Amino acid sequence: MSDAAPVVRSFHHAESGTWSHVVVDPATRSAAIVDPVLDFDPASGLIRTTSVQRVLEYVDTASLRVEWILETHAHADHVSACAWLRERTGAKIGVGAGIVEVQKTFKRLLDLGDDFPVDGSPFDRLFADGEVFRVGALDVRVIATPGHTSDSVSYLA
């Protein structure tokens, strides 16, 4: 466990009103990226990476090593950049374990077909309420915070 307080840098995605955060252990330069966003233009259907590239520029400039990409819940307000970031950083993706029920609900309501996963498999780790994991030497506790979806969690570093 680190004695140093985490450093948090936040990025606002104006189009969706979403805040993404980079949580850094200053002792090890390890980091987690929380709720990263891709840019989506509903009129054209195009997806761009401009906003998440700003996050990666910060990571590179600050010489950080991204260990985790964390989702706080299943997002309907923006397109997640988790998979895009995992390809570029090799970091693991984590989300609350309630995502399994949300996936089942989305599959049924949206008729998403047989290939749509309902077991949490797109994520590397499904966190339970109260579970503790590490970002560098920082202990991070998962807190269930059900909101607009039952899978919502907060992360306390």
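Predicted model only: the values in this text are computed from it and were never measured.

Conventions adopted
- Residues numbered from 1 in each chain as written.
- Predicted model: local features only at pLDDT ≥ 70, side-chain atom pairs only at ≥ 80, totals over all residues.
- Heavy atoms only, no water.
- Pairing = 2+ DSSP bridges.
- Helix = DSSP H or I, 4+ residues; strand = E, 2+ residues; numbered from the N terminus.
- Buried < 20%, exposed > 50% of the residue type's maximum accessible area, 1.4 Å probe, protein only.
- Contact = heavy atoms within 4.5 Å.
- Polar contact = N/O pair within 3.5 Å; in protein donor to acceptor, adjacent residues only side chain to side chain.
- Expected span 1.5 Å × (residues − 1).
- Arc of directions from axis to C-beta.

**A closer look at the pairing of strand β1 (residues 7-13)**
Both β1 and strand β2 (residues 18-25) contribute to a ladder of seven bridges, which runs antiparallel. Residue pairing across strands places serine 10 opposite histidine 21, the latter belonging to β2. The hairpin turn running from β1 into β2, its antiparallel successor, is four residues long, and glycine 17 in that turn takes a positive phi close to 75°.

**Observations regarding the pairing of strand β6 (residues 65-70)**
Most of β6 is tucked away: five of the six residues are buried. With five bridges joining them, strand β3 (residues 30-34) and β6 adopt parallel strand pairing. Within β6, the position partnered with serine 30 by the bridge is arginine 65. Note: β6 against strand β8 (residues 92-96), three bridges, orientation parallel. Along β8, the bridge assignment pairs tryptophan 68 with lysine 92.

**With respect to the environment of threonine 49**
As for its position among the elements, threonine 49 is in the loop between β5 (46-48) and α1 (50-61). Sequence separation between threonine 49 and histidine 148 is 99 residues; the distance between their C-alpha atoms is 26 Å. Residues within four places of threonine 49 in sequence aside, it is in contact with Leu38, Asp39 and Trp84. Among the polar contacts made by the side chain of threonine 49, one reaches the side chain of glutamine 53 at a distance of 2.7 Å.

**As for α1**
For α1, built from 12 residues, the straight-helix expectation of 16 Å at 1.5 Å per residue is met to within 8% by its first-to-last C-alpha distance of 16 Å. Within the sequence span of α1, burial applies to Ser51, Val52, Val55, Leu56, Tyr58 and Val59. All buried residues of α1 project into a common sector of 155° when viewed along the axis, lining one side. For α1, the exposed residues set more than 90 degrees away from the buried face come down to Thr50, Glu57, Asp60 and Thr61. Tucked into the core, α1 has its buried residues touching β1, β2, β3, β4 (37-41), β6 and α2 (82-89).

**Focus: unusual backbone geometry**
Of note in the backbone geometry, arginine 29 takes a positive phi value of approximately 65° without being a glycine. Considering the arrangement of structural elements, one finds arginine 29 in the loop between β2 and β3. We classify arginine 29 as partly exposed; its relative accessible area is 34%. A positive phi angle is found at aspartate 35, which is not glycine, with a value near 55°. Structurally, the position occupied by aspartate 35 is in the loop between β3 and β4.

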